[in-house]
Amino acid sequence: MLMTTLAMESETIAGAGRIEEATQEAVPAPLQSKLSIKSVDFFYDKFQALYDVSLEIPKGQVTALIGPSGCGKSTLLRCLNRMNDLVPEARLEGEILFNGKDLYAPEIDVVDVRRQIGMVFQKPNPFPKSIYENIAYAPRIHGVVRSRSEMDGLIEACLKRVGLWDEVSDRLDQPGTSLSGGQQQRLCIARTIAVEPEVLLMDEPCSALDPIATARVEDLIAELKEDFTVVIVTHNMQQATRVSDRTAFFLLGKIIEFGDTSNLFSNPENQETEDYISGRFG
Amino acid sequence: MTLTESIEYLFTGLAVFGSGAFALGFHRAQKISDQGIRLNSRASHYGAYALLWFALPFIALASGAVLLHLQQIFTFPLGLALLLAFAAGLLGWFHAMRKISAGLRARAAVERVIAWALLAAASISVLTTIGIVGSIFFESVRFFHIVPLWDFITGTEWAPETAFIQSQGEARAGEGFAEPKFGAVPIFAGTFMITGIAMLVAVPIGVMSAVYMSEYAPRKVRAFAKPLLEILAGIPTVVYGFFAAVTMAPLVVKAAEFMGLGASFENALTPGIVMGIMIIPFISSLSDDVISAVPNSLREGALALGSTRAETIKKVVLPAALPGIVSAVLLGVSRAVGETMIVVMAAGLRPNLTWNPLEAMTTVTVRMVSSLVGDQAFDSPETLSAFALGLGLFVVTLVMNVIAAMVVRRFRQRYEL
Amino acid sequence: MNPEQEQRYQKRLKARRRADRRFRVFGILAIVIAILFLVVFFIDIIGKGHMAFVQANVEVDLHYNKKSSINYRLAVDKEYQKIVSRSVLRVIPKRMKDNPGLRGTSETAWVLATADVDQYLKGKVSRLQDREKEVVDRLRKEGRIKLKFNSGFFTRGDSKLPEAAGIWSALVGSLYVLLITLTCSVPVGVMTAIYLEEFAVDNWITRLIEVNINNLAAIPSILFGLLGLSIIIGVFGAPRSSALVGGVTLGLMMLPVIIISSRAALRAVPDSIREGATGVGASRWQVVQHHVLPLALPGIMTGTILSLAQAMGETAPLLIVGLMAYIPDSPNSVLEGATVLPAQIFTWFSDSQRAFAERTAAGILVLLVVLLTLNAGAIWLRRLTERRW
């Protein structure tokens, strides 16, 4: 399939770099940074939502952002594909580099940013169109698909990728809203990966789903990280331990701790992190 | 005693005796309470109880008598009717006074009457509809006795000028006057032509300004532009009519001449354009509401996939809001079809079956006004034709409104608004 | 994405950006067109109407003598006969009769000039002969002909003479009609709203009433005229052209508007208030009477003022029930023939004399000022009583 070949291509390039570095130093390969957030302050008018946040999001991994509600984790996520541009009087200081380029530089086209950094929302939000049209939407507006058969193939690939093909292949013309909540969320993921973004942002993607649907989406996230860099906001710490490689803990707009997920949960350096993950507040 | 006088007596009597009945009922209850007996309700409830027992029989008899008198079904001396009404009221009041006791549930009784009164008030709107439908329908039936329904619906010629001669009866029959003709096709055609022009103006401008207001406009622009559009909605139609006839029509004629076309001063284009402008705020505010009701998650979903603002609106927001916009447009059409003053002042009087919007043509409402404002006898075919046209107008607008309501209900269900 | 796709995507991106900007411009254009129309409209109406607020007056000698009591034209010198308005001259015999002391005297007074003189002074088309124009020019130089503030426009009733026509009787007629409209529609409308919001259970009667109200709100106004004609005049025998029939017709028409706005006002009162009052033992009606209604009252009043403004400008149904009678004197009761402001505007508009055009526009200006005042009042009331729960 088109997509998988592409994904393999990029992997080999990245892989090559990694091997090269690995031979130079005998330590585990330093992870290539997909997004680097450099001392970002973020304001909603007068209210400051983020204080001096710096974070490296490594390529090909799942990074979880956790913290109590209102700690700024969703705000940070929405800064990463400039969804916060939609909020009037919102302002960002500092810089966010995507593949080494400043996301907020004036010459950057925000449409381009959002194609490369896709987003999945808390509540499944399929368009009130058919399942087919939901996925066809983005490739069509971006003009990356030329023929109907190419589109059919792409849609099949995307639905297979999210494990929805067997469930809906016979009713692609049904409205996307007719699916169950979990299916809708997977449809939204399929819709997002149809234009092959490099990064997938997920804003509490399972909070509106039942446990079974949640498990399926979590499995899917684990599979997706082969091709995409995933950043996931979650309020569920078990979920963070299950799906993520690295975790950042936020409190009141500041990063308290950032590290390997297993380390952070088993052996937190910071007292506040420990209090939070052991359920003393939050 | 004239009717007006006796109605004056009725009202004064009601006020004077009514307050007396209230005061006495109140007093009796107070006396019981002064004896240290606990009343079931407040003393004022007993007053109201006594008042109602006076007023209801009084009003029932009085209004019955007035109605009978007006209809001349049964006329009797008005003084007698007045006396009877007072007697009935007093009888009721006596009954109430006798029943007043500590155990009487006066409040419950009074509130029951209030609840019924509220229901009665609510039914007045239903009676209004029945009145409209009934009056149009029965007069139309009389009209269709004279002019066959089929001729009315399919006839392409409307020439009622000689109708008054016909209504003179046989006396002048056979004098060789032309038959009056009541073919409604050109009238409805003119109506739909002008409505169509109005919608061509109102729909793009209305919908686009709603899109701009709800999707793009900064708060300040919105706060400034929205009230201005509302002013447009508040201008009376007679004023639009004046503007159309005095300012717009010469402009249109000149513009047509400039392009080498001939235009009548009463062309259909002028009232169409002005009516369209009148309907802009109507469509834009309804569309604004439905566009704002489209959940933000859809916008975010589309933007997060890399859509531009315009693509988000055109491909996601507007399709989602489409039912609401369609119903706004349908309501706009129903307004345009029923609009009267603009066309009375700026459109023609003569029915004209043509596709050329620069020619004069007439509309349903114009014909209705011109046949009812003249000095025709009430039962001449021309007067009655206004009711038949009114029936057509009613049917068209009702269908539009019902479809609009159905479409918008589906929209509401989809987003659980 | 492969390079070929990437290329196509980048090529498209520019076109999409342009389409995006274009779409936004369309939106701005739509608003600008609507607002531009409003501006043109107001400039046009003010331009056409403002001159009617001044009127040509002429200083002449009025002779009260035997000749002028027989032929009122002779009350002024021959030269002035085409210049002084007939509305001034024709009352001279009567004035002499009422006041015999006047007989044989003469006085110098500023009086109304004819519409033709007025239009000539204002530089519009006039039917004055060249000879008469010379006289007028001379008088103007002498300062004996002047444009003065047209107070008569506000104090006089309608007239067949454009220079003497005023809007007073139409204003009085409008006032009568609106008073009746209010007394008909407000109590019934508010009671219906209370019934539907506070008392009704969800059954077929309630649904029928609700559907009916929504439909009634969308019925063309002219059909209410037919209702007035065949039921209020035909069945109940109200006199044609009277303020009574006009007011009741408009009252029924405004009913759905008042019901809908009153329901919104009642619904805005939070349920916690109802629950609180019910909790201390108030009956349903007491809850409404003591708590809900007082809290909803500002909202109901705002809605009422707005519907009043709507009724004030309504014309079509009133034409049908005959409220466009020629009314030189203001009506003294609701049963007499009356006219209303918009109908007066329509009557002047339909008059073939050109001098009426200016008065039509001036009447429109008065109407618009009244409506703007009403709307501003409603907005002011809403601001004043705005309450957040």
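Note that the structure is a prediction, hence the values are computed from the model and not measured. (Residues numbered from 1 in each chain as written. Chains lettered and ligands numbered in written order. Predicted model: local features only at pLDDT ≥ 70, side-chain atom pairs only at ≥ 80, totals over all residues. Heavy atoms only, no water.)

Looking at the overall build of chain C
Next, step 1: The helix and strand inventory of chain C stands at 16 helices and three strands.
Next, step 2: A compact globule built from 389 residues would reach a C-alpha radius of gyration of about 21 Å, whereas chain C, at 30 Å, exceeds it by more than 25%.
Next, step 3: Counting only C-alpha atoms, chain C reaches 95 × 75 × 40 Å along its principal axes.
Next, step 4: Here chain C holds 389 residues, and the buried ones make up 50% of them.
Next, step 5: Within chain C, contacts between residues at least 6 apart in sequence are counted, and of these 76% link residues at least 24 apart.
Next, step 6: Surface summary for chain C: the accessible area is close to 18,100 Å², and the carbon and sulfur share equals 60%.
Next, step 7: Across chain C, 47 positive and 31 negative side-chain charges occur, with their mean positions spaced 4 Å apart. (Helix = DSSP H or I, 4+ residues; strand = E, 2+ residues; numbered from the N terminus. Rg over C-alpha atoms; globule rule 2.2 N^0.38 Å. Buried < 20%, exposed > 50% of the residue type's maximum accessible area, 1.4 Å probe, protein only. Contact = heavy atoms within 4.5 Å. Areas by Shrake-Rupley, 256 points an atom, 1.4 Å probe, with all protein chains shown as cover. Lys, Arg positive; Asp, Glu negative; His and termini not counted. Charge placed at Lys NZ, Arg CZ, Asp CG, Glu CD.)

Notes on the interface of chain B and chain C
Next, step 1: Contacts between chain B and chain C engage 79 residues on the former and 72 residues on the latter.
Next, step 2: In total, about 6,500 Å² of surface goes out of reach between chain B and chain C, with carbon and sulfur atoms giving 80% of it.
Next, step 3: In terms of surface lost to chain C, no three residues of chain B exceed Leu118, Phe242 and Phe243 of chain B, which account for 10% of the buried area on that side.
Next, step 4: Taken together, chain B and chain C are joined by one salt bridge. (Buried area = accessible area lost by both parts, 1.4 Å probe. Salt bridge = Lys/Arg side-chain N within 4 Å of Asp/Glu carboxyl O.)

A look at the domain arrangement of chain C
Residue and element names in this part refer to chain C.
Next, step 1: When its domains are assigned, chain C resolves into domain 1 (56–148) and domain 2 (168–385).
Next, step 2: For domain 1 versus domain 2, the separation of C-alpha centres amounts to 45 Å.
Next, step 3: Of the residues lining the interface, seven residues belong to domain 1; the matching set on domain 2 comes to four residues.
Next, step 4: Taken over both partners, the interface formed by domain 1 and domain 2 buries close to 370 Å², and the fraction arising from carbon and sulfur atoms is 43%.
Next, step 5: At the junction of domain 1 and domain 2, the tally comes to two salt bridges.
Next, step 6: Where domain 1 touches domain 2, the interface holds three residue pairs in polar contact (both at pLDDT 80 or more).
Next, step 7: Each residue belonging to the side of domain 1 that touches domain 2 can be placed in one class, and the counts come to two nonpolar, one polar and four charged. (Domains from an automatic or database assignment. Polar contact = N/O pair within 3.5 Å; in protein donor to acceptor, adjacent residues only side chain to side chain. Nonpolar A, V, L, I, M, F, W, Y, C, P; charged D, E, K, R; others polar.)

Considering the nonpolar core
Where a protein is soluble and globular, its nonpolar side chains tend to be buried together.
Next, step 1: Formed by 160 residues in total, the largest nonpolar core has its most connected members in Ile132, Leu232, Tyr240, Met275, Met368 and Leu389 of chain B together with Leu223 of chain C.
Next, step 2: For this core, the leading source of residues is helix H7 (residues 185–216) of chain B, giving 17 residues.
Next, step 3: Ignoring sequence-local partners within four residues, the contact set of tyrosine 240 of chain B consists of Leu232, Ile235, Val274, Ile277, Met278 and Ile342 of chain B together with Phe37 of chain C.
Next, step 4: Counting 54 residues, the second largest nonpolar core, distinct from the first, contains Trp93 and Ile100 of chain B together with Tyr195 and Ala296 of chain C. (Core = buried A, V, L, I, M, F, W, Y, C linked by side-chain atoms within 4.5 Å.)

Side note on the sheet that holds strand S3 (residues 62–66) of chain A
Residues and elements named next belong to chain A.
Next, step 1: With respect to topology, six strands assemble into an open sheet ordered S6-S7-S8-S3-S9-S10, the strand pairing being mixed. The strands lining the two open edges of the sheet, one partner per strand, are strand S6 (117–120) and strand S10 (254–260). Averaged over neighbouring strand pairs, the angle between their axes works out to 15° when direction is ignored.
Next, step 2: Strand direction decides the pairing type here: S3 and strand S9 (residues 246–251), joined by four bridges, are parallel. Bridge assignment links isoleucine 66 to a residue of S9, and that residue is phenylalanine 249. (Pairing = 2+ DSSP bridges. Axes fitted to C-alpha atoms, helices over the stretch in contact; angles between N-to-C directions.)

Remarks on the interface of chain A and chain B
Next, step 1: Contacts between the two partners involve 23 residues from chain A, matched on the other side by 20 residues from chain B.
Next, step 2: For the pair chain A and chain B, the two sides together bury roughly 1,700 Å², of which 63% comes from carbon and sulfur.
Next, step 3: Considering only the surface of chain A that becomes buried against chain B, Pro128, Tyr137 and Ile141 of chain A emerge as the three largest contributors, covering 29% of it.
Next, step 4: There are one salt bridge connecting chain A and chain B.
Next, step 5: Across the salt bridge formed by arginine 78 of chain A and glutamate 300 of chain B, the nearest N and O atoms sit 2.6 Å from each other.
Next, step 6: Connecting chain A to chain B are five residue pairs in polar contact (both at pLDDT 80 or more).
Next, step 7: Counting only elements with at least two residues in the side of chain A that touches chain B, the list comes to helix H3 (110–116), S6, helix H4 (131–142) and helix H7 (181–193) of chain A.
Next, step 8: Top element by residues in the side of chain A that touches chain B is H4 of chain A. It accounts for four residues.

Looking at the pairing of S9 of chain A
Residues and elements named next belong to chain A.
Next, step 1: Counted residue by residue, S9 has six buried out of six residues, so it is predominantly covered.
Next, step 2: Pairing of S9 with S10, which is carried by six bridges, proceeds in the antiparallel orientation. Looking at the pairing, leucine 251 lines up with lysine 254 of S10.
Next, step 3: Linking S9 to S10, which pair antiparallel, is a turn of two residues; within it leucine 252 sits at a positive phi near 50°.

Observations concerning the pattern of salt bridges
Residue and element names in this part refer to chain C.
Next, step 1: Tallying each qualifying case throughout the model produces 45 salt bridges over all chains.
Next, step 2: A salt bridge links glutamate 142 to arginine 138; the shortest N-O distance between them is 3.5 Å. Taken as a pair, glutamate 142 and arginine 138 lie in helix H6 (residues 130–142) at a separation of four residues, close to a single helical turn.
Next, step 3: Take glutamate 142: its relative accessible area is 42%, and that puts it in the partly exposed class.

Some points on the side chain of serine 221 of chain C
Residue and element names in this part refer to chain C.
Next, step 1: Here serine 221 shows up in helix H10 (residues 221–233).
Next, step 2: With relative accessibility at 14%, the residue serine 221 sits in the buried group.
Next, step 3: Polar side-chain contacts of serine 221 include one of 3.2 Å to the side chain of glutamate 314.
Next, step 4: Apart from residues lying up to four places away in sequence, serine 221 is in contact with Met253, Glu314, Ala316 and Pro317.

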